Amino acid sequence: MRYRVATDGDLDHLVDWNRQLIEDERADTPRDEAFLRDRMRDFLADGYRALIFEEAGVPVGYALFRPDEYGILLRHLFVDRARRRRGVGRCMVERLVAEIFPRSARIKLEVLVHNDRGLAFWRAVGFTDHSVALVRRT
Ligand SMILES: CC(C)(COP(=O)(O)OP(=O)(O)OC[C@H]1O[C@@H](n2cnc3c(N)ncnc32)[C@H](O)[C@@H]1OP(=O)(O)O)[C@@H](O)C(=O)NCCC(=O)NCCS
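Residues numbered from 1 in each chain as written. Predicted model: local features only at pLDDT ≥ 70, side-chain atom pairs only at ≥ 80, totals over all residues. Heavy atoms only, no water.

**Q** Lay out the nonpolar core in plain terms, naming residues and giving numbers.
**A** Counting residues in each nonpolar core, the largest one holds 19 residues, and the members touching the most others are Phe 65, Leu 96 and Trp 122. Among the elements of the structure, β2 (49-55), β3 (58-67), β4 (71-79) and α3 (88-100) are those that each provide at least two residues to this core. At 5 residues, α3 tops the list of elements feeding residues into this core. Those residues in contact with Leu 96 that sit more than four places away from it in its chain are Leu 51, Phe 53, Ala 63, Phe 65, Leu 77 and Phe 101. (Core = buried A, V, L, I, M, F, W, Y, C linked by side-chain atoms within 4.5 Å. Buried < 20%, exposed > 50% of the residue type's maximum accessible area, 1.4 Å probe, protein only. Helix = DSSP H or I, 4+ residues; strand = E, 2+ residues; numbered from the N terminus. Contact = heavy atoms within 4.5 Å.)

The structure is reproduced here in structure tokens:
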């Protein structure tokens, strides 16, 4: 598997993958294309990096992350729906840890509590439960 830094030419693909990610994790984030495009642009202009992972030249997923005060904030990790449960996600995390993220950095991410598959994945690739985020509406 290879990876490369996403460029402006990848924006359409990133936005579409992000929409699928939101669907898959059943998040209440708005899914309209204009909102997601502006948000992705803002992420990339505001210190986030997006990496696109490829197998035999075909994009299979992406990761979006930035440094934070403790280490790394891993905002998105997404594997193409047709390629899941084949070790792609695990391989992406291993490559990020071994080759991209600084040594000994703490990697933080959020998972929605109803996202059982996401939780099972993160625990399988070495993450442990850390905190619970609470929300309410006004
Ligand atoms: C979560 C996600 C990145 C996993 O990618 P993947 O390539 O399918 O994961 P892998 O094949 O590397 O799985 C590694 C291990 O994680 C666990 N796992 C992965 N998907 C799982 C699922 N749907 N149910 C239960 N366990 C799962 C398993 O232990 C798996 O090992 P195994 O296949 O040997 O049993 C992918 O399903 C995805 O993009 N989902 C939508 C977006 C999302 O929910 N992202 C995380 C949000 S925080």
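**Q** Help me get a handle on the packing of aromatic side chains, residues and values and all.
**A** Across all of its chains, the model carries 8 aromatic pairs by this definition. Ring geometry for Trp 17 versus Phe 78: centroids 6.1 Å apart, planes at 45°, classification tilted. Here Trp 17 is found in helix α1 (residues 11-25), whereas its partner Phe 78 is found in strand β4, with 61 residues between them in sequence. Each member of the pair Trp 17 and Phe 78 is classed as buried. An aromatic cluster is present here, built from Trp 17, Tyr 62 and Phe 78 joined pairwise through their rings. (Phe/Tyr/Trp six-rings, centres within 6.5 Å; stacked < 30°, edge-to-face > 60°.)

**Q** Now, about the site of the ligand: what can you tell me, with residues and values included?
**A** Lining the immediate environment of the ligand, one finds 21 residues, of which Val 79, Arg 85, Gly 87, Gly 89 and Arg 90 sit closest. Between the ligand and Gly 87, the relevant distance is 2.9 Å, taken from an oxygen atom to a main-chain nitrogen or oxygen of the residue. Here the ligand loses 78% of its free accessible area of 900 Å² to cover by the protein chains. Residue assignment for the shell around the ligand shows that the elements contributing at least two residues are α1, β4, α3 and α4 (116-124). Its residues assigned to classes, the shell around the ligand shows 10 nonpolar, 3 polar and 8 charged. (Near = heavy atom within 4 Å. Polar contact = N/O pair within 3.5 Å; in protein donor to acceptor, adjacent residues only side chain to side chain. Areas by Shrake-Rupley, 256 points an atom, 1.4 Å probe, with all protein chains shown as cover. Nonpolar A, V, L, I, M, F, W, Y, C, P; charged D, E, K, R; others polar.)

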